[in-house]
Amino acid sequence: MKALSQKRRHPLAVVALLVMGLLLTGLLYAVATSANKAKADTGFSASDVSEGQKLFVANCATCHGMGAQGSASGPSLVGVGAAAVDFQVGTGRMPMQMQGPQAQRKPEQFNEDQTRQLAAYVASLGAGPSLPDQAMLDGQGDATHGGELFRVNCAMCHNAAAAGGALTRGKFAPSLAGVSAQHIYEAMETGPQNMPVFSDANISPEGKRDIITYLQTIEKQGSPGGADLGGLGPVSEGLFMWVAGLGIIIAFTIWLTSRTS
Amino acid sequence: MSDTTTAYQAPTKVGRIAEYVDQRTGLSTVTREFGRKVFPDHWSFMFGEVALYSFIILLLSGTFLTFFFNPSMAETTYDGAYIPMRGMDMSVAYQSSLHISFEVRGGLFMRQLHHWAALLFVAAMSVHMLRVFFTGAFRKPREMNWVIGGVLLIMGMAAGFTGYSLPDDLLSGNGLRIIDGVIMAIPVIGTWISMFLFGGEFPGDAIIGRLYVLHILLIPAMILGLVALHLIFVVVHKHTQYPGPGRNDRNVVGYPLGPVYAAKAGGFFFIVFGVLAAIAAAFTINPIWNYGPYDPSPVSAGTQPDWYIGWVDGALRLMPGVLGDINGYRQHFEFVLFGQTLSLNILLPALVPAGIVFTVLFIYPWVERWITKDDREHHVLDRPRNAPTRTAIGMAGFTFYCVMWAAASSDLIATHFHVSLNDVTYWLRALFFVGPIIAFVVTKRIALGLQRKDREIALHGRETGRIVRLPHGEFIEVHAPLDEYKRYRLVAFDSPGVLPAQPNGKGVVDRKERRRAKLSKWYFEDRVAPVSVAELEAAHGHGHHEAIEAAPTSAGH
């Protein structure tokens, strides 16, 4: 300790302190955020990664760059994790059909194995959200809590009945009907297109499981009151009454008055 | 009854009962009077009836709902049949709405019937008003009844809105929040009114109960009273009729109420009931279980009012919040004057368009009467084309309404037509101002064009598409003459012309009169005069057509 106290007025002491402080902050930050960050995926084999790299170079590198470092037309994929790849490629959004306000859903271009290989490659580039734990996707959570979370966090864009809604300048929140549990989970975790990220600190994995449970419950139960007219709310109801309801009534009025006059 | 005449003795038991009742109520006189009342027959005359029947269905289904609905805003925990809501904290009002939907036998059907009937009620009233406006049925002596109809429309909207707010779900709460915002935007007294209405800070725990009383007592009672008055006036004024041979302002050509219309109207009630019941059974309306209990924090995408409030919501959506950057500062439509906030960004769209629409609607009959100086009674309707300026004004107003109406669903237009939400708003903002003008000009031209076509047909008959070559080489198209009944419709109508400024009693043309004359010019300057007798004779007198018409058919045989 004596040696240290003697050197404390050394010109480089400030620099040393600064370095120590920065290291400590960085370390603490890394520890604090690792609770939220998925570790680098371990479930992938080396051949998955190398096959994935080939697929990536052939199909994705045009926009995302040869090393997935990004370019003017596509973002860097270092650290986006396997979950982002599985969502984007698994729902057909990537490779993108065309540039636009947001990537549109279309039939998937890659099969499950290829998607997995691509995910393995991207996951190998840096730690990011991994594929979700299957236990969180079973739809056995608390539907009531999920419904509450959904209305508070999701319904403003996706609509209370998950029928989708508009965002600014051509962007939109898609309907969630028919979207798999895994893709819903990954979307919350990675925030694709214009969606915000709902990290595990924001909505816990159990909360995500509840949301998935709620969505599966309302999808399975169908519409208790008959055809739901798209679940879009009063606009489709009003349109239906003006077109179909009033149309039928007018047909009857014409029939009623046609016998005479 | 004097003793000398023997009282009528009915031979059958039913007859004796009828006689007994009649002697005490005098119903036969009433029946004789009403039963012989003649009504003209046309499908477009039946929308008022549709509105009335929807209202009766509303009363019936609404009564059923009151048996089970509890308008309390007390908090409770749901433990009913709907699984995805179990254990949720909610108001008793919302819980009882869910109870009606999932546990009361036939409850969901009744709720849906009530809501669908409400949509039809206001829709039928609106179409009825459009019919009355475009055919000129609001003219003397029916101006007052037109105003009653307008008040009924507002009452219908009020009934609908208060009902929409009752289930205390997220959608109804969002609607109330918007209304609260509009109320608070009223200068000086707004905040006070809001606090008074909600019994404190929004949402409070009083509003549902208060709206409930308005919804089931005050508003329906007022509607009922106004409907009664409206119908009395229909009987007093007699029904209007479309122009036709033998129809004039002193008669009504049609069928008597009893038995023809009593049967038709009775049957029509069940048709309306049946159509609504079929819709209610097969199509969901207001799935409150999707929206969840009201909570001031979330607002769901696709949050819209029912269609009849949509235009006001649309006006709010169209209003820009900022004027733009002026002098390097962002200028808002919100000002602070004498310590009071003046939120023009809410006040203008919420009150001005609705104010314009209803003011014009209410005063229009008197405006037209003043311009035309027409003090005659009108029982024969105008065909819309024969009043081009009125029809154009009506279409301009309708377009104004529809632009705002469309704006209320701007988000759904954006998602379903794959366009940008911002572009939809920009276009509708432009159309808000330009749309009515375009509609006015286009409609007036179409009406004048149709009048010219009518004139042509009246004078020269209908085009047959048969081209005939005359011996000297000329080609002509053969026109078939119109039968007299059809021609009557094309030639016999009122066509007021420009009425120049008239001096008043003192022989002076005052400023007001000059203004009237200017408006009269604007109204009737572009005019296609109906075919005169002389023109008709001239067109048919030269015998040209008849000769040609005979020639080719005889040659063909």
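1. Comments concerning the overall build of chain B
Step number 1: A tally of helices and strands in chain B yields 20 helices and 10 strands.
Step number 2: Expressed as lengths along the three principal axes of its C-alpha atoms, the size of chain B is roughly 95 × 90 × 65 Å.
Step number 3: Within chain B, residue pairs in contact and separated by at least 24 positions form 72% of the contacts whose partners lie at least 6 positions apart.

2. Topic: the overall build of chain A
Step number 1: Secondary structure summary: chain A contains 11 helices and two strands in total.
Step number 2: Helices and strands in chain A line up, N terminus first, as α-α-α-α-α-α-α-α-β-β-α-α-α.
Step number 3: A compact globule built from 261 residues should have a C-alpha radius of gyration of about 18 Å, whereas chain A, at 26 Å, is more than 25% larger.
Step number 4: Dimensions of chain A, computed from the C-alpha atoms along their principal axes, are close to 115 × 45 × 35 Å.
Step number 5: Evaluated residue by residue, chain A yields a buried proportion of 39% over its 261 residues.
Step number 6: By sequence separation, contacts in chain A at least 24 residues apart represent 69% of the contacts at least 6 residues apart.

3. Considering the interface of chain A and chain B
Step number 1: At the interface, 53 residues of chain A touch 57 residues of chain B.
Step number 2: Elements represented by at least two residues in the side of chain A that touches chain B include exactly helix 7 (143-153), helix 8 (155-158), strand 1 (165-166), strand 2 (172-173), helix 10 (205-221) and helix 11 (234-258) of chain A.
Step number 3: At 17 residues, the largest contribution of residues to the side of chain A that touches chain B is made by helix 11 of chain A.
Step number 4: Residue classes in the side of chain A that touches chain B are distributed as 29 nonpolar, 19 polar and five charged.

4. Remarks on the domain arrangement of chain A
All names here are of chain A.
Step number 1: Under the domain assignment, chain A is made up of domain 1 (46-125) and domain 2 (134-222).
Step number 2: Of note, the centres of domain 1 and domain 2, computed from C-alpha atoms alone, are 23 Å apart.
Step number 3: Contacts between the two partners involve 13 residues from domain 1, matched on the other side by 12 residues from domain 2.
Step number 4: Classifying every residue of the side of domain 1 that touches domain 2 gives six nonpolar, five polar and two charged.

5. A few points about the domain arrangement of chain B
Often, the extent of an interface is quoted as the loss of accessible area on bringing the components together.
Residue and element names in this part refer to chain B.
Step number 1: Segmentation of chain B into domains returns domain 1 (54-250 + 261-314 + 321-382) and domain 2 (383-495 + 530-557).
Step number 2: For domain 1 and domain 2, the distance between their C-alpha centres works out to 36 Å.
Step number 3: On the side of domain 2, 23 residues touch domain 1, which itself brings 19 residues to the contact.
Step number 4: Every element with two or more residues in the side of domain 1 that touches domain 2 is listed here: helix 5 (107-134), helix 12 (307-318) and helix 13 (344-372).
Step number 5: Taken together, the residues of the side of domain 1 that touches domain 2 break down into nine nonpolar, seven polar and three charged.

6. Re the nonpolar core
The tendency in soluble globular proteins is for nonpolar side chains to be buried side by side.
Step number 1: Grouped together as the largest cluster of nonpolar side chains are 159 residues, with contacts concentrated most on Val122(A), Trp116(B), Leu120(B), Phe121(B) and Leu276(B).
Step number 2: It is helix 5 of chain B that contributes the most residues to this core, 17 residues altogether.
Step number 3: Leaving out residues up to four positions away in the same chain, Phe121(B) has contacts with Ala51(B), Ser54(B), Phe55(B), Leu58(B) and Gly156(B).

7. As for unusual backbone geometry
Step number 1: The linkage connecting Met94(A) with the following residue, Pro95(A), adopts the cis geometry, with an omega of -5°.
Step number 2: The residue Pro95(A) is located in the loop between helix 5 (81-90) and helix 6 (112-125) in this model.
Step number 3: For the peptide bond that leads from Gly258(B) to Pro259(B), omega is 0°, which places it in the cis range.
Step number 4: Positionally, Pro259(B) belongs in helix 10 (residues 257-282).
Step number 5: Here Asn159(A), not a glycine, exhibits a phi torsion of approximately 80°, which is positive.

8. Looking at the pairing of strand 6 (residues 329-332) of chain B
Residue and element names in this part refer to chain B.
Step number 1: Pairing of strand 5 (residues 322-326) with strand 6 involves four bridges; the strand directions are antiparallel. Following the sheet pairing, Val-322 is matched in strand 6 by His-332.
Step number 2: Between strand 5 and strand 6, which pair antiparallel in sequence order, lie two residues; one of them, Asn-327, sits at a positive phi of approximately 55°.

9. Section: the pairing of strand 8 (residues 340-343) of chain B
Residues and elements named next belong to chain B.
Step number 1: Two elements, strand 7 (residues 334-337) and strand 8, share four bridges in a ladder whose sense is antiparallel. Counterpart to Val-336 in the pairing with strand 8 is Thr-341.
Step number 2: Here strand 7 folds back onto strand 8, and the loop between the two strands holds two residues, one of which, Phe-338, carries a positive phi near 50°.

10. Focus on the environment of Leu23(A)
Step number 1: Of note, Leu23(A) is situated in helix 2 (residues 13-34).
Step number 2: Taking C-alpha positions, Leu23(A) is 42 Å from Leu167(A), a pair spaced 144 residues apart along the chain.

11. Regarding the environment of Leu257(B)
Residues and elements named next belong to chain B.
Step number 1: Position of Leu-257 among the secondary structure elements: in helix 10.
Step number 2: Residues Leu-257 and Lys-37, spaced 220 residues apart in sequence, show a C-alpha to C-alpha distance of 5.5 Å.
Step number 3: Once residues within four sequence positions are removed from consideration, Leu-257 is found in contact with Phe-34, Gly-35, Lys-37, Phe-39 and Ala-262.

12. A closer look at the packing of helix 5 of chain B against helix 10 of chain B
Residues and elements named next belong to chain B.
Step number 1: Between helix 5 and helix 10, the shortest axis-to-axis distance is 8 Å and the interhelical angle comes to 125°. Taken together, the axis directions place helix 5 and helix 10 in an arrangement best described as oblique. For the pair helix 5 and helix 10, the sense of crossing is right-handed. Residues Phe-109, Gln-112, Leu-113, Trp-116, Ala-117 and Leu-120 of helix 5 pack against Leu-276, Ala-277, Ile-279, Ala-280 and Ala-281 of helix 10.

13. A word on helix 1 (residues 13-25) of chain B
Step number 1: Here helix 1 of chain B spans 18 Å end to end across 13 residues, near enough to the 18 Å set by a 1.5 Å rise per residue.
Step number 2: Gly26(B) occupies a position one or two residues after helix 1 of chain B and carries a positive phi of about 65°.

14. A look at the confidence of the model for chain B
All names here are of chain B.
Step number 1: Averaged over all residues, the pLDDT of chain B is 90; the fraction at 70 or higher stands at 96%.
Step number 2: Here helix 20 (residues 544-556) stands out as the element of chain B with the lowest mean pLDDT, 44, in contrast to helix 5, whose mean of 97 is the highest.
Step number 3: This stretch, residues 545-557, has a pLDDT under 50; its non-local contacts, to residues over four places away or in other chains, come to six contacts.
Step number 4: In the predicted assembly, ipTM is 0.89 and pTM is 0.88.

15. Concerning the environment of Asn159(A)
Step number 1: Along the chain, Asn159(A) turns up in the loop between helix 8 and strand 1.
Step number 2: Take Asn159(A): there are 28 C-beta atoms within 10 Å of it, and that puts it in the buried class.
Step number 3: In sequence terms Asn159(A) and Pro129(A) are 30 residues apart; their C-alpha atoms lie 26 Å from each other.
Step number 4: Discounting residues that sit within four places of it in the chain, Asn159(A) has contacts with Gly164(A), Gly165(A), Gly231(A), Ser300(B), Ala301(B) and Gly302(B).

Definitions and limits used
- Residues numbered from 1 in each chain as written.
- Chains lettered and ligands numbered in written order.
- Predicted model: local features only at pLDDT ≥ 70, side-chain atom pairs only at ≥ 80, totals over all residues.
- Helix = DSSP H or I, 4+ residues; strand = E, 2+ residues; numbered from the N terminus.
- Contact = placed C-beta atoms within 7 Å.
- Rg over C-alpha atoms; globule rule 2.2 N^0.38 Å.
- Buried ≥ 20, exposed ≤ 12 C-beta atoms within 10 Å, placed from the backbone.
- Nonpolar A, V, L, I, M, F, W, Y, C, P; charged D, E, K, R; others polar.
- Domains from an automatic or database assignment.
- Core = buried A, V, L, I, M, F, W, Y, C linked by C-beta atoms within 7 Å.
- Pairing = 2+ DSSP bridges.
- Axes fitted to C-alpha atoms, helices over the stretch in contact; angles between N-to-C directions.
- Parallel < 35°, antiparallel > 145°, perpendicular 65-115°, else oblique.
- Left-handed = near helix turned anticlockwise from the far one by under 90°.
- Expected span 1.5 Å × (residues − 1).
- pLDDT = per-residue confidence, 0-100.

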